[in-house]
Amino acid sequence: MEIHLDPLDHNLLDRWQSDFPLISEPFAVIAERLDLTEGEVLKRLRRLSDAGAISRIGATCRPNTAGASTLAAVSVPEPRIEEVAAVIGAEPGVNHSYLRENHWNIWFVATGPDRAYVDESLARIEGLTGLEVLDLRLVRPFNINLGFALDGSGKLPPQRENVNTDVLIRRDREIMQALSIGLEIISRPFAALAENLGRPEEDILLRVRALSAAGVLSRIGVIVRHRALGWSSNAMVVWELPEEEIPRIGPALTAVPGVTLCYQRRPVPGIWPYSLYCMIHARSRVEAMTVLDRACDEVGLRHMPHQVLFSVRCFKQTGARVLLEKGAAA
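Just so we're clear, the structure is a prediction, and the values are computed from it rather than from any experiment.

Caption draft 1: Structural context of the overall build of the protein chain. In terms of regular secondary structure, the protein chain is built from 10 helices and 11 strands. Rg of the C-alpha trace for the protein chain: 20 Å, near the compact-globule value of 20 Å for 330 residues, within the 12% margin. Principal axes of the C-alpha set define a box for the protein chain whose edges measure 55 × 40 × 40 Å. Across the 330 residues that make up the protein chain, the buried fraction comes to 54%. By sequence separation, contacts in the protein chain at least 24 residues apart represent 76% of the contacts at least 6 residues apart. Across the protein chain, 37 positive and 41 negative side-chain charges occur, with their mean positions spaced 2 Å apart.

Caption draft 2: Quick peek at helix 8 (residues 201-214). Between the first and last C-alpha of helix 8 there are 20 Å, a value that for 14 residues agrees with the 20 Å anticipated at 1.5 Å per step. Those residues of helix 8 lying buried are Glu201, Ile204, Leu205, Arg207, Val208, Leu211 and Ala214. Glycine 215 sits one or two positions beyond helix 8 and adopts a positive phi of about 85 degrees.

Caption draft 3: Seen up close, the state of the cysteines. Within the structure shown, the criterion is met by 0 disulfides. Free of any disulfide, cysteine 296 has its nearest neighbouring cysteine sulfur in cysteine 278, separated by 8.7 Å. On the accessibility criterion, cysteine 296 (3% relative accessible area) is buried. Unpaired in this structure, cysteine 314 has its nearest cysteine sulfur neighbour in cysteine 61, at a distance of 19 Å. Look at cysteine 314 and you get partly exposed, because its relative accessible area is 29%.

Caption draft 4: Quick peek at helix 10 (residues 285-299). A rise of 1.5 Å per residue sets the reference length of helix 10, with its 15 residues, at 21 Å; its end C-alpha atoms lie 21 Å apart and thus fit the reference within 8%. Buried within helix 10 are the following residues: Ala288, Val291, Leu292, Ala295, Cys296 and Val299. The arc that holds the buried residues of helix 10, viewed along the axis, is 140 degrees, so those residues lie on one side. Among the exposed residues of helix 10, those oriented more than 90 degrees off its buried face are Val286, Asp297 and Glu298. In this structure, the buried side of helix 10 is in contact with strand 8 (233-239), helix 9 (246-254), strand 9 (259-265), strand 10 (276-282) and strand 11 (306-317). Glycine 300 sits one or two positions beyond helix 10 and adopts a positive phi of about 80 degrees.

Caption draft 5: How the structure looks around the sheet that holds strand 4 (residues 106-112). An order of 5-2-4-3-11-8-10-9-6 is seen for the 9 strands of this open sheet, with the pairing classed as antiparallel. Where the open sheet ends on each side, the last strands, each with one partner, are strand 5 (133-136) and strand 6 (138-143). Taking the axes of each pair of neighbouring strands and ignoring which way they run, one obtains an average angle of 30 degrees across the sheet. Here strand 9 runs beside strand 10; their pairing, made up of 5 bridges, is antiparallel. Bridge pairing in strand 10 links glutamine 264 to leucine 276. Packing of helix 9 onto the sheet brings it into contact with strand 6, strand 8, strand 9 and strand 10, and relative to strand 6 it is tilted by some 35 degrees.

Caption draft 6: Examining the packing of aromatic side chains more closely. Enumeration according to the criterion identifies 5 aromatic pairs in this entry. Between phenylalanine 20 and phenylalanine 27 the ring centres are 5.5 Å apart and the planes differ by 70 degrees, which places this aromatic pair in the edge-to-face class. Considered together, phenylalanine 20 and phenylalanine 27 belong to a single accessibility category, that of buried residues. On the numbers, 4.8 Å between centres and 70 degrees between planes, the contact of tryptophan 272 with tyrosine 274 is edge-to-face. Residue tyrosine 274 is classed as buried on the basis of its relative accessible area, which comes to 10%. Put simply, the rings of Phe20, Phe27 and Phe190 pair up and form one aromatic cluster. The ring centre of tyrosine 98 lies 5.3 Å from the NZ or CZ of arginine 100, which sits over that ring. The ring of phenylalanine 310 has arginine 285 lying over it, and the distance from NZ or CZ to the ring centre is 4.2 Å.

Caption draft 7: Representation of the nonpolar core in the model. Counting residues in hydrophobic clusters, the biggest one holds 46 residues, and the most contacted among them are Leu13, Phe20, Leu45, Val208 and Leu217. For this core, the leading source of residues is helix 8, giving 5 residues. Beyond its immediate sequence surroundings of up to four residues, leucine 13 is in contact with Leu5, Leu45, Leu48, Ile54, Leu150, Val222, Val224 and Leu229. If you look at the next biggest cluster of nonpolar residues, it comprises 23 residues, including Val237, Leu253, Val256 and Val299.

Caption draft 8: The pairing of strand 4, seen in detail. Extensive coverage of strand 4 is indicated by the burial of 6 of its 7 residues. Here strand 2 (residues 68-74) pairs with strand 4 via 7 bridges, running antiparallel. Note that in strand 4 the partner of alanine 68 across the bridge is glycine 112. In the sheet, strand 3 (residues 94-100) pairs with strand 4 via 5 bridges, with the strands oriented antiparallel. Among the inter-strand pairings, valine 94 is bridged to a residue of strand 4, identified as alanine 110. What sits between strand 3 and strand 4 in their antiparallel hairpin is a turn of 5 residues.

Parameters at a glance
- Residues numbered from 1 in each chain as written.
- Predicted model: local features only at pLDDT ≥ 70, side-chain atom pairs only at ≥ 80, totals over all residues.
- Heavy atoms only, no water.
- Helix = DSSP H or I, 4+ residues; strand = E, 2+ residues; numbered from the N terminus.
- Rg over C-alpha atoms; globule rule 2.2 N^0.38 Å.
- Buried < 20%, exposed > 50% of the residue type's maximum accessible area, 1.4 Å probe, protein only.
- Contact = heavy atoms within 4.5 Å.
- Lys, Arg positive; Asp, Glu negative; His and termini not counted.
- Charge placed at Lys NZ, Arg CZ, Asp CG, Glu CD.
- Expected span 1.5 Å × (residues − 1).
- Disulfide = S-S within 2.5 Å.
- Arc of directions from axis to C-beta.
- Pairing = 2+ DSSP bridges.
- Axes fitted to C-alpha atoms, helices over the stretch in contact; angles between N-to-C directions.
- Phe/Tyr/Trp six-rings, centres within 6.5 Å; stacked < 30°, edge-to-face > 60°.
- Lys NZ or Arg CZ within 6 Å of the ring centre and 35° of its normal.
- Core = buried A, V, L, I, M, F, W, Y, C linked by side-chain atoms within 4.5 Å.

Purely geometric numbers; function is a separate question.
Have a look at this one:
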């Protein structure tokens, strides 16, 4: 069921998908910017969270920085879709899982503290389902922010080119894991996080600021559930392109309004030849295909081999796993 937002809800979600104030009382700053009281901001966010409009207030971690991740797919016979989706969803490291319109019909993202954890997760899924798993490893991200304007303008947050993983220190992963799960919607969420981790609040804030400034945390803010807000016609478009063309086409595709994600992945020879991926989040199939047509014309992709995989159902949507278990230090 689609959730309808009043103007204040819309402004609250749209404006604060990124640039969350990294201070002791962040919701007080948000309230001041929106000319509301802190109590009203907290009340609205709790209501939106309970309604399913918000996944969490937290962070998205840059893939393959503190942990490892991959996009994967399986081809599931129709009668087994529920069974296989349940097996995939039961894996702790799987943070996104969707049914898409394709022979390879269940797609998921497997995450973990390292590549060995991800490999074990994929092998376990293969063993439990008896199905081949496509492992489509990330080669190069062009836009992986996961946020976009809710007004239909297609506007994206500024993209960061360089990421400095040298800032990572011991125990940063426990902070990143907590932010992937989400902050409490209370007046001092970082103090609550610090108490849970047995560390001073200022230490937590210093590390979050450092990880954000370095790009290890790609976004901090309100992580919305776009499907619940009416963005239900979401297409993953995959392109078969010459390797040498991808560095030019990737950024150009990202610049097309309505294209919300774009990245290069390894193909699987003889099975899955596609190496450039983009996501189009739209409110209707007509809108999504209009964006795709514009992208084909503007970027010169009209005659390039590609497939359009609309998502039919979301099985799972959570934050990434970067720790072996909650509270374990890396």
